[in-house]
Amino acid sequence: MKTPPYLIKGDKVAIVAPAGKIKKELVNDAKRTLENWGLCVVLGKNVYQEHFQYAATDKSRLSDLQKALDDNEIKAIFCARGGYGLIRIMDDIDFSNFKKMPKWIIGFSDITILHAHIHSNFGIETLHATMAAGLKDELSANTLRNCLFGQPQNYELKTESNSRQGRAAGRLVGGNLAILCSLIGTPSDMDTTGKILFIEDIGEYLYRLDRMMWQLKRADKLKNLAGLVVGGFTDMKDNDNPFGKSAYEIITEAVEETNYPVCFGFPSGHQQDNRALFLGRSAILSINQLTTLNFEHRTISNHG
């Protein structure tokens with residue numbers, strides 16, 4: 001896996017909106033935060049636009065993202081928010097310059113498509129982290145800043161009772177569960193063999209969550225994992241006729257035939273506490289009385 005250069009003060013970064021529309025004040029707040037980090041912020045030409053539920057038309061969203069990918073002075077791309085829409089432009093993105101000059105791609109939710117595609121096709125690390133819309137949360141923003149500026153970022157938390165103890169080593173991959181399922185059989189699909197898989201989601205009905213876990217299972221995405229990290233499963237819904245299992249019980253059942261460690265309740269996903277994760281980077285997951293997720297610390301020279 002290639003690691004993009006870490007940031008240094010004075011670096012130029014971009015905020016673009018490749019999916020859902022975002023309020024202007026949230027973009028401006030994010031710009032001020034990044035400037036306080038010592039960064040020079042470039043806004044996508046169409047970041048303030050609206051086209052129904054999208055940030056702009058497909059063509060305009062693609063143009064902003066492509067320009068940021070092609071500009072070698074831009075060292076990181078912050079996605080403004082998730083929502084829906086990135087999949088509509090994925091096949092038209094030209095990654096040729098990005099492959100030669102990797103830069104950090106930052107986001108989660110719908111941005112899972114971009115993470116998965118980059119890992120599967122180019123072997124470049126990305127960051128699953130709060131987006132421009134969520135930079136106001138100091139804890140989440142600080143973990144992202146540490147990652148971007150090359151500081152070691154490891155996690156220790158209390159072990160949830162549902163978790164399965166053990167130790168796993170492998171590259172961390174994953175993101176939003178619904179998006180990961182939608183990528184199966186596409187050019188952005190991921191090989192999860194020997195990996196630590198991270199999943200999270202929001203607002204799903206429990207029966208749909210069950211269906212998605214069965215889809216991963218039937219596609220052999222769960223069988224040969226090194227470990228599983230379960231982030232936030234926020235605002236899960238049930239029908240008038242109860243499904244009969246909680247979100248954690250559904251996930252536990254899906255992996256009951258395996259023996260790798262499973263961490264529940266990791267603070268990442270659609271929630272205020274959304275810790276940054278290096279996707280594509282080697283990590284060690286250890287679950288005992290405490291749960292730790294430690295990333296390989298990669299020391300690379302900044303900007304070449």
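Look up: the structure comes first, before these words.
What counts and what doesn't
Residues numbered from 1 in each chain as written. Predicted model: local features only at pLDDT ≥ 70, side-chain atom pairs only at ≥ 80, totals over all residues. Heavy atoms only, no water. Core = buried A, V, L, I, M, F, W, Y, C linked by side-chain atoms within 4.5 Å. Buried < 20%, exposed > 50% of the residue type's maximum accessible area, 1.4 Å probe, protein only. Contact = heavy atoms within 4.5 Å. Pairing = 2+ DSSP bridges. Helix = DSSP H or I, 4+ residues; strand = E, 2+ residues; numbered from the N terminus. Axes fitted to C-alpha atoms, helices over the stretch in contact; angles between N-to-C directions. 1 Å grid on protein atoms, 1.4 Å probe; cavity = no way out; pocket = protein on both sides within 12 Å on 5 of 7 lines; lining within 4 Å. Points joined across faces, edges and corners; volume = space filled by probe spheres on them. Nonpolar A, V, L, I, M, F, W, Y, C, P; charged D, E, K, R; others polar. Right-handed = clockwise from strand over helix to strand, strands pointing away. Parallel < 35°, antiparallel > 145°, perpendicular 65-115°, else oblique. Left-handed = near helix turned anticlockwise from the far one by under 90°. Salt bridge = Lys/Arg side-chain N within 4 Å of Asp/Glu carboxyl O. Arc of directions from axis to C-beta.

K.L.:
Would you explain the nonpolar core in this entry?
P.N.:
If you look at the biggest cluster of nonpolar residues, it comprises 52 residues, and the most contacted ones within it are Phe95, Leu114, Leu177, Ile199, Met213, Leu222 and Leu228. Each residue touching Leu228, except ones within four places of it in the same chain, is listed here: Leu197, Ile199, Ile251, Val255, Tyr260, Pro261, Val262, Cys263 and Leu285. Residues Ala30, Leu34, Ala276 and Leu293 belong to the second largest nonpolar core, which totals 46 residues.

K.L.:
Is there a simple way to think about the sheet that holds strand S4 (residues 104-107) in this case?
P.N.:
Pairing is mixed across the open sheet formed by six strands, whose spatial order is S2-S1-S3-S4-S5-S11. Of all the strands in the sheet, the pair left with one neighbour each is strand S2 (40-43) and strand S11 (277-279). Pairwise comparison of adjacent strand axes, ignoring direction, gives a mean angle of 25° for this sheet.

K.L.:
Looking at this structure, how should I read the layout of surface pockets?
P.N.:
Unfilled space is identified by rolling a water-sized probe across the atoms. A volume near 300 Å³ is recorded for the largest pocket. Taken together, 20 residues make up the lining of the largest pocket; nearest its centre are Phe108, Thr130, Met131, Ala133 and Gly134. Here the residues of the lining of the largest pocket sort into six nonpolar, nine polar and five charged.

K.L.:
I tried to follow the pairing of S4 on my own but got confused; where do I start?
P.N.:
A regular strand places its side chains on the two faces of the sheet in alternate fashion. Burial along S4 is two-sided: the residues Trp104 and Ile106 and Ile105 and Gly107 are all buried. Sheet topology places strand S3 (residues 74-79) next to S4; three bridges connect them, and they run parallel. Residue pairing across strands places Ala76 opposite Trp104, the latter belonging to S4. As paired strands, S4 and strand S5 (residues 126-128) are joined by two bridges and run parallel to one another. Bridging across to S5, Ile106 finds its partner in Leu127. The parallel pair S4 and S5, bridged by helix H4 (residues 112-122), forms a crossover whose chirality is right-handed.

K.L.:
Please clarify how the packing of helix H7 (residues 206-218) against helix H8 (residues 247-254) should be interpreted in this entry.
P.N.:
Think of two packed helices as two axes; the pair is described by the angle between the axes and how far apart they sit. Viewed as axis vectors pointing N to C, H7 and H8 meet at an angle of 20°, and their least axial separation amounts to 10 Å. It follows from the interaxial angle that H7 and H8 lie roughly parallel. Two packed elements cross with a definite hand, and for H7 against H8 that hand is right-handed. Packed against H7, whose contacting residues are Leu206, Leu209, Asp210, Met213 and Lys217, the element H8 presents Ala247, Ile250, Ile251, Glu253 and Ala254 at the interface. Considering only residue class, the contact of H7 with H8 consists of seven nonpolar, no polar and three charged.

K.L.:
Looking at this model, I keep getting lost on the environment of Met190. Mind explaining?
P.N.:
You can see Met190 is positioned in the loop between helix H6 (177-182) and strand S8 (196-202). As a C-alpha pair, Met190 and His115 span 75 residues in sequence and 10.0 Å in three-dimensional space. The contacts of Met190, once residues within four sequence positions are left out, are Ala116, His119, Ser120, Val173, Gly174, Leu180 and Lys221.

K.L.:
It is not clear to me how empty space enclosed by the protein should be interpreted in this structure. Could you clarify?
P.N.:
The tally for this structure, following the rule as stated, stands at three cavities of 30 Å³ or more. Around the largest cavity, the lining residues are Ala116, Leu180, Leu183, Ile184, Ser188, Asp189, Met190, Thr192, Leu197, Leu216 and Lys221.

K.L.:
Can you help me understand the environment of Leu172 in this one?
P.N.:
Along the chain, the position of Leu172 falls in strand S7 (residues 166-176). Assessed through its relative accessible area of 1%, Leu172 is described here as buried. Put simply, Leu172 and Lys75 are 97 residues apart on the chain and 22 Å apart in space, counted from C-alpha to C-alpha.

K.L.:
Looking at this structure, how should I read the pattern of salt bridges?
P.N.:
Between side chains of opposite charge, a pair can form when the charged atoms approach closely. Enumeration over the complete set of coordinates arrives at 12 salt bridges. Note that Glu50 is salt-bridged to Lys21, the shortest N-O span being 3.7 Å. Placement of Glu50 in the loop between S2 and helix H2 (58-70) and of Lys21 in the loop between strand S1 (12-16) and helix H1 (24-36) is noted, with a sequence separation of 29 residues between them. Residue class for Lys21 comes out partly exposed when judged on its relative accessible area of 32%. Three or more residues are tied together by salt bridges with common partners; here these are Asp58, Arg61 and Arg88.

K.L.:
Just to check I follow, could you spell out helix H5 (residues 138-148) for this structure?
P.N.:
At 3.6 residues per turn, the α-helix brings residues three or four places apart onto the same side. For H5, every residue scored as buried is listed here: Ser140, Ala141, Thr143, Leu144, Cys147 and Leu148. Across the axial projection of H5, the buried residues extend over an arc of 160°, all falling on one side. Backbone geometry just downstream of H5 places Gly150 in the positive-phi region, at approximately 80°.

K.L.:
Quick question: what am I supposed to make of H4 here?
P.N.:
In terms of burial, H4 is a largely internal element, nine of the 11 residues being buried. Listed as buried for H4 are Thr112, Ile113, Leu114, His115, Ala116, His117, Ile118, His119 and Phe122. Among the structural elements, helix H3 (96-100), S4, S5, S7, H6 and S11 are those in contact with the buried residues of H4. Looking one or two residues beyond H4, the residue adopting positive phi is Gly123, at roughly 65°.

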